Structure formats: structure tokens, C-alpha cells
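Geometric and topological summary
Residues per chain are reported as follows:
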Amino acid sequence: MEFITADSWTDALRIKTERPGAAPIAGGTDVMVELNFDLRRPEALLDLSRIRELKDWDVVGGSVQLGAGVSYTRVIEELADRLPALAMAARTVGSPQIRNRGTVAGNLATASPAGDAHPVLLATGAVVEAESFQRGVRKIPVDGFFTGVKRCALEPDELIRAVVIPTAAGPQQFSKVGTRNAMVIAVCSFAIALDLDARTVGTGIGSAGPTPLAARAAERFLVGELDWDTLKVSEAAAARFGKLVAQAAQPIDDVRGTASYRKHALEVLAVRALGWIRGCA
Amino acid sequence: MTVTTSTPVHKGIGGSPLRPDGTLKVTGEFAYSSDLWAEGMLYGSTLRSPHPRARIVRIDTSAAAAMAGVHAVLTSADIPGKKTYGLIADDCPVLAIDEVRYHGEPVAVVAADDLDTARRAAKAIVVEYEVLEPVSDMRRAAFDAESPRVHADRADNIVRYQPVRRGNPDAADLQDRVAVVVTREYEVGMQDQAFLGPESGLAIPTEDGGVDLHVATQWLHVDQEQMAPCLALPPEKVQLTLAGVGGAFGGREDLSMQIHASMLALRTKRPVKMVYDRRESFFGHVHRHPALMKYTHAADADGRLVYAKAQLLLDGGAYASTTDAVVGNAASLGIGPYECDDVLIEAYGLYTNNPPCGAMRGFGAVQACFAYESQMDEVAAALGMDPVEIRRINAVKEGSILPTGQRIEGPAPLREILDELVTMPMPPEPSLPEPGEPEPRTRVPGERWELPPGGYGNTTRGEGVRRGVGYGVGIKNICYSEGFDDFSTARVRLEISGGEPIASVHTAAAEVGQGLVTLQAQIARTELGVDHAVVLPADTQVGSAGSSSASRQSYMTGGAVKTACEAVRMEVIELARRKFPELLSDDESWSDIHLADGALHLGAGVATGARLLARLSDVLGTDVVEATREYHHRRTNPLDPETGQGDSHVQFAMAAHRAVVDVDVELGLVHVVQMDVVQDVGKILNRLSLEGQIQGGTAQGLGLALMEEIQTRDGLVRNPSFTDYLIPTILDMPPLNMRILEFADPNSPYGLRGAGEPPTLSSTPAIVAAVRAACGRPLRRIPLRPEQIALVEGYGDEGGEEDV
């Protein structure tokens with residue numbers, strides 16, 4: 001297998017156009033597992049880890065532009081104030097070693113339904129910036145990014161340059177159920193983000209469907225039920241919100257848990273998150 | 001038995017010298033078997049069955065053999081000698097013959113220039129299968145006469161049936177005393193040893209047509225014994241050297257790549273290395289037997305057991321491995337360390353087309369322990385009694401008779417263990433984050449803040465969290481049982497080098513991480529009164545040491561080293577008597593001479609007025625004193641096949657745990673807050689190593705209680721990876737407080753009691769009892785899953801297909 005190191009972003013895009021079969025590798029925390037298990041044999045690996053341009057984040061117009069090479073550790077250390085839910089999700093990713101290597105963009109590119117960052121990206125309305133050498137930048141809203149189990153909207157010649165995530169404009173939460181205290185793939189996960197200015201609610205569900213999902217009916221319901229000044233919601237409405245989140249999930253039975261447990265747990269997580277959001281107000 | 005020096009020898013018995021491999025392992029410099037390398041070596045790879053049961057219609061190796069870089073492609077037709085092997089029954093094919101009986105069974109092996117080529121070649125082998133219905137339900141395997149037989153040449157699917165009958169639980173006169181009867185069924189899932197160093201070794205062909213194998217294993221000589229006939233070689237032409245072992249826990253008792261790599265090396269006349277990856281490792285070794293157990297306990301109004309009945313089914317999978325002995329343990333220890341005169345235990349070991357199961361830490365005693373301890377709690381609850389009190393009332397002691405009729409000789413201090421356990425401090429009440437805290441905090445040492453159930457997942461700020469406390473007790477046999485003479489051999493040599501006496505110890509005992517190399521040197525230092533002791537690499541150039549199993553190596557190889565040291569010491573004294581007869585006056589005896597501080601002393605220890613007679617360097621000069629000795633434990637007997645009566649065990653060891661857990665009863669998540677353990681070890685030989693064993697055993701028991709399970713469906717393994725086979729991390733393992741008791745065993749070296757396994761037994765039921773106490777649910781299957789603990793209402797089973 002050929003190993004190609006790209007020195008610059010332009011270089012990387014050019015190589016990806018010439019060699020669409022080359023698998024991009026940044027932190028390698030997903031790609032290397034697949035290679036080690038012989039699940040895929042790409043014709044080449046395209047190393048993005050030396051590209052300076054990908055290693056930064058910036059605030060542009062009320063959003064964080066998160067470079068594709070920014071590690072989870074840096075999200076936790078540098079962005080917990082601006083992107084609290086993403087930082088919460090980042091804390092649940094793997095082990096410290098994996099968080100030092102793994103990236104949000106890498107999570108997106110492998111598009112696992114269990115990717116820890118995905119529910120937060122859905123809840124916050126993030127946008128994926130994909131770029132190709134010939135066609136330039138394409139902005140893909142995250143709710144149109146996941147197209148199936150481990151499939152996404154990237155074209156063979158495209159690479160993810162950055163993820164644009166709106167800076168928090170209200171309370172956010174992320175919770176993940178796993179059967180051990182750390183370093184565990186989610187049995188299911190849930191994210192919620194409130195925008196107090198726009199008075200909107202965003203949600204995201206992980207590991208409970210073929211792709212990460214948003215609970216749109218639950219969002220609409222909560223927008224109407226929430227007292228936006230106190231962030232209070234009646235107990236009955238909170239319970240209903242929990243049911244609507246559970247209904248949005250499309251889980252299966254697998255080695256990590258049953259479909260019925262996943263729905264139950266999502267309901268519990270959604271109701272609890274509402275309680276915590278009041279505490280944050 | 002007395003220690004011959006009254007002043008403790010530096011780094012001798014009772015000290016905690018650091019292990020020689022410790023720093024290397026922590027810094028990543030230790031050479032494991034997977035690091036082996038030889039000039040010109042080839043890499044081996046294994047093709048395994050994708051089916052749990054199928055007839056092999058045809059194998060075509062031509063495409064694989066024709067690939068560039070491929071040097072050999074071997075199937076069962078190429079096995080040089082005997083085509084099957086096994087630890088107890090030799091029913092396991094070296095490579096599948098006409099039929100595959102489990103998912104992952106080796107079918108063919110390949111040697112190639114590099115690992116990738118070898119793996120691609122293995123994939124290029126064409127095997128045509130006729131898929132057959134697997135026998136995957138052990139209940140059917142045992143009792144359904146219509147069930148297919150896993151081995152066509154056998155009358156049924158039963159590897160061993162062992163009843164144990166004592167008294168008569170159905171006797172009419174017992175029933176008057178009975179106040180409560182509790183009948184329950186329990187289930188234990190398939191646990192894996194999950195050692196970190198995958199199966200690996202390097203086979204080097206020798207000039208005389210034999211093979212040298214460097215391998216990570218638990219018992220070099222039993223490997224050699226099984227390999228030689230299959231390779232059609234005399235045993236002396238199959239020499240083994242222990243390579244760096246990355247954990248074992250029973251999973252290296254059975255052969256994995258030993259014969260395969262040797263066959264390839266003999267065929268290609270090149271060194272061949274085989275290293276399994278993690279996925280293959282899950283298929284490459286036996287697991288702990290899953291169990292279905294039905295128990296009935298009857299007690300009188302005071303809580304005393306009146307009678308007990310148990311039926312245990314143990315799924316041995318496709319091949320016998322050590323199922324026979326596992327059944328013997330489950331049967332003989334089936335009701336635990338409790339006195340009861342009227343008992344019927346029936347244990348079955350079964351053949352199925354599930355993955356083969358064999359040895360794992362606790363070996364048959366673990367499964368039974370989960371059931372009988374759960375029963376003790378049920379009986380206590382039915383009587384409104386305290387769970388510790390019911391265990392105290394029924395506890396065995398020295399002189400108690402087990403259901404097998406065996407009388408416990410030597411201390412059996414279960415009451416003392418329990419009395420100690422309840423005095424240990426409880427953790428403070430839960431201090432969970434306040435609702436509204438934005439996110440969980442890291443646990444800061446010294447600051448009292450517990451990780452909540454759900455760990456770092458941010459799933460609760462105290463909602464749904466309840467605390468529970470539970471207890472567990474276990475009894476484990478030490479050393480091999482049922483008439484097996486698992487002796488050990490040690491060669492000890494004493495010589496002067498650079499003016500200093502140096503003792504060297506040579507055994508074939510496998511250091512699998514437990515600290516045996518450290519202990520062997522400690523014994524030599526103590527017995528020979530020297531500072532320098534070296535332990536030579538373990539190989540088959542010295543007699544068998546038996547297996548690093550059954551908590552037996554301190555006892556057996558420790559005993560062998562001690563005995564050999566005693567022989568060396570006598571020879572040294574004899575040498576002194578011949579060389580320097582004037583050292584003693586007529587009224588002094590050579591038998592009062594002791595070795596300490598590199599010298600011969602009359603009398604034991606300086607404090608008691610011992611007189612220095614001569615330095616070892618002067619006595620030995622250029623002479624070398626060497627002795628090789630075997631150590632045998634006392635004889636045991638097989639269990640009677642009809643009654644299960646017999647003095648089958650050498651020694652018994654016991655531990656007790658208390659577990660304190662926080663359970664999120666809505667999500668079904670568990671956090672173990674604290675564990676406390678009391679264990680009797682007879683004599684502490686190395687406190688640091690011992691504490692490590694108790695920590696590790698407790699953690700492995702925690703894993704079985706809460707997360708560790710190889711999941712199968714219709715014989716297919718569903719989670720062969722560390723992504724989905726979860727083992728506890730450092731954040732799952734709570735603070736463990738230990739009290740170690742020393743009730744010396746009069747029959748064992750130094751009074752020691754094997755210590756590696758007992759904590760694995762009692763940890764599991766203690767945790768499950770604590771979770772039951774918190775959530776109020778029966779929880780009769782382990783490992784516990786969140787959906788068992790949480791009240792899941794309103795969501796039917798609407799699961800779709802599984803993804804990957």
C-alpha cells in the first residue's frame with residue numbers, strides 16, 4: 001500500500017483528484033483499525049497530518065471554523081466555552097491517546113452512526129466544508145451529510161477542510177450511554193442545543209439508527225412548550241419531549257444493546273437534559 | 001516448615017523485591033513472544049472456518065500455493081504424525097479433518113515471505129463447505145436425544161457427567177426442619193481471558209530434523225508432549241523455550257499456533273513466526289465455560305442449610321479441552337464453603353458447536369460461586385437475615401466435611417475472613433454532582449467526588465442513582481486435583497563468581513505475569529543465605545514444572561526450588577565438613593549450621609548468638625554445588641463416578657468481597673464505588689505481587705459481573721474485538737481495600753496457600769448482590785446488561801437487522 005504525504009492543502013486536493021481511491025488519514029484512529037482488521041485495502045493512504053492549514057480553528061461570523069486537523073483534546077481544552085456540547089462529546093471519545101489523535105472531521109468522514117461528535121453537529125446545525133481541486137468548496141449542512149451506514153455525501157475527489165459550528169447561543173448538553181465508564185462505543189447518545197436568540201431547539205441522536213438522526217418533531221414540540229425566559233417546561237411536556245426523542249430513533253438489536261433499551265435510554269436522557277438546561281440558564 | 005535464617009534475607013521470602021520484568025514492561029522494552037525475530041524467517045497465517053458446523057467437501061490450495069512469496073500451504077493431509085491432540089482427551093484436530101465444529105476452527109496454514117502475503121494466501125484457499133445445523137443450545141445438547149452429535153463417533157454430547165451425592169436431600173425426616181426453600185436458575189455468559197499479548201511464537205527447524213519453538217505458553221512440557229506425536233518426532237527433538245508472555249489466565253493452556261508453526265518450519269526448513277491479531281486471538285484460544293445452573297437451597301429457621309441440590313450445565317464447545325476437570329471442580333465445589341450434610345450436585349460438561357471452552361482463572365469454581373452465593377442471599381432474604389450472618393452460620397472450618405466426603409485439613413478460616421470484612425470502613429455516602437452542574441468533573445485525588453454511574457458519559461447528575469452493598473465468598477481448590485500428580489522440578493546451582501556466592505535457579509515454570517521469577521529468586525536467597533540469585537530462562541532442558549494454572553506455582557515450583565535449595569545447602573555443609581573439619585568442636589553439630597549473609601553460621605541468626613563459621617566463598621572455592629529435585633504434593637483421588645465421593649483436592653483457598661455500588665436504576669448503569677476484600681493466603685511470600693494478584697482477580701471478577709462476554713448466536717461469535725468485548729478500564733476499577741490473613745497450612749511450603757484465583761470467584765457475586773440491593777431486580781444472568789437492570793417499559797422488541 002502506497003503512503004502519500006501531502007505537504008499542503010492544495011497538494012492534498014490535487015492528489016485526491018488524481019487518486020480518488022486514496023484513503024485520507026489524519027489521526028488514524030478509525031482508518032488504522034479498519035486496516036488492521038483487514039476490512040479495507042485502499043490503494044493508497046493520503047496523510048493529511050502535516051498540513052498546517054488544517055490545524056487551526058477560528059471564529060468567523062458567530063461560528064467556529066474548526067480545521068479538519070484539530071484534535072478532540074484541543075476541542076476540550078480550547079473550545080469548551082464556545083462549543084460546550086462538542087467539548088462534552090469530545091470528552092467521551094476513546095482514551096486520552098485517541099483524543100490526542102482523533103478529529104471531528106475524521107469522525108465525519110468515516111460516518112459511523114456511533115460517531116460521538118455527530119449528535120452535537122446535528123443539534124447545533126453545523127456545516128461541513130468539503131473541497132475538491134477542480135470544483136472548489138462545497139458547504140454541506142450536516143443533516144444532509146450522512147447518507148447511510150458509514151456512508152456520507154463526500155465525492156471521491158473531495159476532502160473535508162473544516163466543520164463550521166455555530167457558537168453556542170444557549171444551553172447545550174450531550175450524554176452518552178456506554179457499558180463501561182470510559183473508552184466505549186455509544187449504546188446510544190443524545191445532544192440538545194438551544195438558541196436563545198433565535199428561540200430554536202436542535203437535537204441529535206447517535207447509535208440508534210443507520211445514521212445519526214435529529215428528532216425534528218421533538219424540537220418543534222419543545223419550541224412551543226418551553227418558557228423561553230425561564231427555560232422551564234412542564235413535567236408533562238418534558239415527558240412528552242422524551243417520548244418524541246425516542247420515537248425519532250430507529251435502533252436495532254446488536255451486541256451493544258437492544259433496540260427497546262436504546263429507545264428507553266434516549267427518553268431518559270432527553271428528559272434529564274431538559275432538567276440540566278434549566279440549571280444552566 | 002521453618003525458614004532457616006532468622007534474620008530476613010534482603011529481598012528474600014516476605015519481602016517485596018521488584019520484579020525484573022516490571023520496568024521493561026512499563027516502558028515498552030520487554031520482549032514479548034510477538035517480538036521474536038530470526039534471520040530469514042517466514043510468517044505463518046491460519047485459514048479458519050466461517051461456519052460453526054459444516055462438512056468440508058473440498059479444499060483447493062493451488063491458487064494460494066502459486067502466489068509469489070508463498071512457501072507452503074498445509075492442510076490436515078500434511079500433518080506429519082498424529083492428527084489430533086488435547087490436554088485430557090485428544091479429540092482436537094491439528095487442522096480440520098472432513099468437518100469443522102466451531103466458528104474459527106483452523107482449516108489450513110500458510111507460510112510466506114511476509115505477513116500480508118501469508119494472509120492473502122490464506123484467503124485464496126478455496127474451501128467448499130456443506131453447512132450443517134449447529135448444536136448451539138447446551139440444554140438440547142445435554143438432554144435432547146434428537147440433537148445431532150457434535151462428534152459422530154460418540155454416543156452423546158456429554159464430555160463428563162459428575163454427580164456428587166452426600167446424605168439424601170429428599171429424605172422425609174429432613175422436611176420438618178425446613179423453614180424456607182429457594183429454587184432459582186442462573187446463567188453465566190462466556191468470559192474471555194482477554195490477555196493482551198496475542199498468541200505468538202517462532203519455530204526454528206534444527207539440523208537434526210527437529211524443531212525449536214519459542215512460545216508464550218503456560219506449560220512447556222505439556223505442549224511438547226502434545227506436539228511431538230503430531231509432528232512425528234521424538235519429544236527430545238521438540239525443544240521449547242518460554243518467550244515473553246503477555247498474560248494467560250488459562251487461555252494458553254491449550255495449544256494454539258505451536259504445531260502449525262512447527263509444521264510450516266519443518267516443511268519449509270525456514271524459521272516460521274506466527275502472531276495472531278486481536279480478532280484471531282478471540283478464535284485462537286478457549287474461553288470460560290458458559291453455564292446454566294438450577295439450584296435449590298433449604299434452610300431451617302436459624303438459617304442453617306438443611307439440604308441443597310444443584311444441576312450445572314457447562315458448555316465445553318466443540319472439543320474437550322479441560323472440560324473434564326472443570327466439571328470436577330464445579331461438582332466438588334458446587335455449594336461453596338458451607339456445611340451441609342444432604343447434598344445432590346449434578347454437573348455436566350457438554351459438547352456443542354460453540355467456541356471451545358477450557359481453562360480460565362477460577363476454572364469451574366467461578367460459575368458455581370455465582371449461583372451458590374446468589375442462593376445464600378436469597379435464603380437470607382427469605383428468612384429476613386443478614387447476608388453476612390447466614391454465611392457465618394454455615395461457614396466451613398477446619399475439619400468440615402465437603403459434599404465429596406473430603407475433610408478440610410488445616411485452617412479454613414471463613415468466619416475469621418467474614419468477621420474481618422465487616423470491620424472494614426464503608427465509603428462515605430454518595431456525593432454526586434448537583435443537578436445543574438454543567439458537566440461531570442474529573443475525579444481528583446483527595447477530593448471526595450465519585451464518578452457517577454455512566455462514567456464519563458454525562459448521563460446523570462444524581463437522577464435515578466441508588467446505592468447498594470453486597471457480599472460474596474468463594475472457595476477454590478489449589479493445584480491439580482483428582483489424582484493428578486502435577487509435580488514440579490527445579491535445578492539450583494550455587495557457585496562463587498567474582499568472590500560472591502551466586503545462586504541460579506532453573507525451572508520450566510512459565511512466568512505469565514504473576515511474578516514467579518521474582519519469587520523463585522526470593523526463595524533461593526532465603527534458603528541459601530545469598531544476595532545474588534538469578535532465574536534462568538524457562539525451557540524444556542529441565543524437568544516439567546507443571547502448568548502456571550490452578551494457583552499452584554508458588555506451591556509447586558516454589559516447593560521444588562525450596563527442596564532443591566535444601567539439597568544444595570546440605571551438600572555445602574558436607575563440603576565444609578570435609579574441607580574444614582576443625583570448624584566445629586566435638587559437642588557441636590553440623591546439623592545446626594545455617595546459611596545466611598553469604599556465610600555458614602552455627603545457630604540461627606545473629607540475634608540468638610549465632611557464630612560465623614566460614615564464608616561461602618571459602619567453603620566453595622571453585623566447586624559448584626548443584627541439585628535437581630522434584631516436588632510432589634500429597635496424593636489426591638478421583639471422584640467416584642456414581643457418588644462423587646473422594647479426597648479430590650490438595651488445598652483450599654478462600655476469599656470474601658464486599659462491593660459498594662451506585663446504580664442508575666433508570667438507565668441500568670452501574671458504577672462500583674468501592675470494594676473490600678479479605679483473603680487468607682497462609683503466608684505472604686511477596687506482598688506486592690500478592691496484592692497485584694488480588695487486584696487483578698477482583699478486576700476480572702468485576703468484568704464478569706458487569707461487561708465481559710463473548711456473544712454468540714447459533715454458534716457464530718459476534719464480538720471478537722476489544723471494541724465490543726469490554727474489559728474494565730482503570731475508571732471502572734474502584735479503590736480496593738485489602739486485608740490479608742496468614743493462617744499457615746501445615747502441609748505446604750512456608751505454609752502458603754495459592755492466591756491467584758480466589759478473588760476472581762468472590763468479586764462477581766458481591767457486585768451482583770450490591771446491584772440487586774440497589775435496584776431490587778433478581779438479576780440471575782451475568783454479565784449484567786443495562787436492559788436487565790433498567791425498567792424498560794413501553795418499548796417492544798422492534799429491533800431490525802444488525803449492522804456492523
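Residues numbered from 1 in each chain as written. Chains lettered and ligands numbered in written order. Predicted model: local features only at pLDDT ≥ 70, side-chain atom pairs only at ≥ 80, totals over all residues. Heavy atoms only, no water.

Some remarks on the interface of chain A and chain B
In this assembly, 45 residues from chain A lie in contact with 57 residues from chain B. Buried area between chain A and chain B, both sides added, is near 4,200 Å², and the carbon and sulfur share of it is 52%. Close ionic contact of Glu666 of chain B with Arg272 of chain A constitutes a salt bridge, the shortest N to O distance being 3.0 Å. Linking chain A to chain B there are 23 residue pairs in polar contact (both at pLDDT 80 or more). Counting residues per element, the ones that place at least two in the side of chain A that touches chain B are helix 4 (84–91), strand 11 (172–177), helix 9 (235–248) and helix 10 (259–280) of chain A. (Contact = heavy atoms within 4.5 Å. Buried area = accessible area lost by both parts, 1.4 Å probe. Salt bridge = Lys/Arg side-chain N within 4 Å of Asp/Glu carboxyl O. Polar contact = N/O pair within 3.5 Å; in protein donor to acceptor, adjacent residues only side chain to side chain. Helix = DSSP H or I, 4+ residues; strand = E, 2+ residues; numbered from the N terminus.)

Digging into the pairing of strand 27 (residues 669–680) of chain B
For a regular strand, the rule is simple: side chains alternate between the two faces of the sheet. Residues and elements named next belong to chain B. Most of strand 27 sits inside the fold, with 12 of its 12 residues counted as buried. Examined bridge by bridge, strand 26 (residues 651–664) and strand 27 share 10 bridges and lie antiparallel to one another. Paired with Ala656 across the strands is Val678, a residue of strand 27. The antiparallel pairing of strand 26 with strand 27 creates a hairpin that spans four residues between the two strands, and Gly668 there sits at a positive phi of about 75°. Pairing of strand 27 with strand 30 (residues 736–741) involves six bridges; the strand directions are parallel. In the sheet register, Asp676 faces strand 30, and the bridge partner there is Asn737. (Buried < 20%, exposed > 50% of the residue type's maximum accessible area, 1.4 Å probe, protein only. Pairing = 2+ DSSP bridges.)

A few points about the UniProt feature "domain: Aldehyde oxidase/xanthine dehydrogenase a/b hammerhead" (unreviewed entry) in chain B
If you check UniProt for "domain: Aldehyde oxidase/xanthine dehydrogenase a/b hammerhead" (unreviewed entry), the listed places come out as residues 27–133 of chain B in our numbering. Here residues 27–133 of chain B runs as 15% helix and 36% strand, with 49 Å between its end C-alpha atoms. (UniProt positions renumbered as here; feature names shortened; annotations may be inferred.)

Structural notes on the sheet that holds strand 1 (residues 2–5) of chain A
Residue and element names in this part refer to chain A. Judged by pairing direction, the sheet is parallel, and its three strands sit side by side in the order 1-3-2 without closing on themselves. Pairing within the sheet leaves two strands with one partner each, and these edge strands are strand 1 and strand 2 (22–25). Each neighbouring strand pair of the sheet contributes to a mean axis angle of 25°, computed without reference to strand direction. The sheet contact formed by strand 2 and strand 3 (residues 44–47) spans four bridges and is parallel. Each residue of the ladder has a partner; that of Ala22, found in strand 3, is Ala44. Relative to the sheet, helix 1 (residues 9–18) contacts strand 1, strand 2 and strand 3, its axis offset from that of strand 3 by approximately 160°. (Axes fitted to C-alpha atoms, helices over the stretch in contact; angles between N-to-C directions.)

Points about empty space enclosed by the protein
Going through the model one piece at a time under the given rule, you end up with seven cavities of 30 Å³ or more. In this structure, the largest cavity encloses a volume near 310 Å³. Residue lining of the largest cavity: 30 residues in total, with Tyr85, Cys92, Tyr102, Leu255 and Gly284 of chain B positioned closest to the centre. Elements with a contribution of two residues or more to the lining of the largest cavity: strand 5 (92–93), helix 7 (258–268) and helix 8 (278–284) of chain B. Per element, the largest residue contribution to the lining of the largest cavity is three residues, and it comes from helix 8 of chain B. Of the residues assigned to the lining of the largest cavity, the class counts are 18 nonpolar, eight polar and four charged. Within this model, the second largest cavity holds a volume of roughly 190 Å³. In this structure, the second largest cavity is lined by 18 residues; those nearest its centre are Thr179 and Val255 of chain A together with Met707, Leu726 and Arg785 of chain B. Looking at side-chain class alone, the lining of the second largest cavity contains 10 nonpolar, four polar and four charged residues. (1 Å grid on protein atoms, 1.4 Å probe; cavity = no way out; pocket = protein on both sides within 12 Å on 5 of 7 lines; lining within 4 Å. Points joined across faces, edges and corners; volume = space filled by probe spheres on them. Nonpolar A, V, L, I, M, F, W, Y, C, P; charged D, E, K, R; others polar.)

Observations concerning the domain arrangement of chain A
All names here are of chain A. When its domains are assigned, chain A resolves into domain 1 (2–166) and domain 2 (172–280). When each unit is reduced to the centre of its C-alpha atoms, the spacing between domain 1 and domain 2 is 24 Å. With 23 residues of domain 1 in contact, the opposing surface of domain 2 contributes 24 residues. Of the roughly 1,800 Å² buried where domain 1 meets domain 2, counting both sides, 66% is carbon and sulfur surface. Remark: the boundary between domain 1 and domain 2 carries two salt bridges. Here Asp116 and Lys176 are joined by a salt bridge, their closest N and O atoms 3.0 Å apart. Across the contact surface, domain 1 and domain 2 share five residue pairs in polar contact (both at pLDDT 80 or more). Of all the secondary structure elements, the ones that give two or more residues to the side of domain 1 that touches domain 2 are helix 4, helix 7 (118–124) and strand 8 (146–148). Per-element accounting of the side of domain 1 that touches domain 2 gives the leading share, six residues, to helix 7. Among the residues making up the side of domain 1 that touches domain 2, the classes are represented as 13 nonpolar, eight polar and two charged. (Domains from an automatic or database assignment.)

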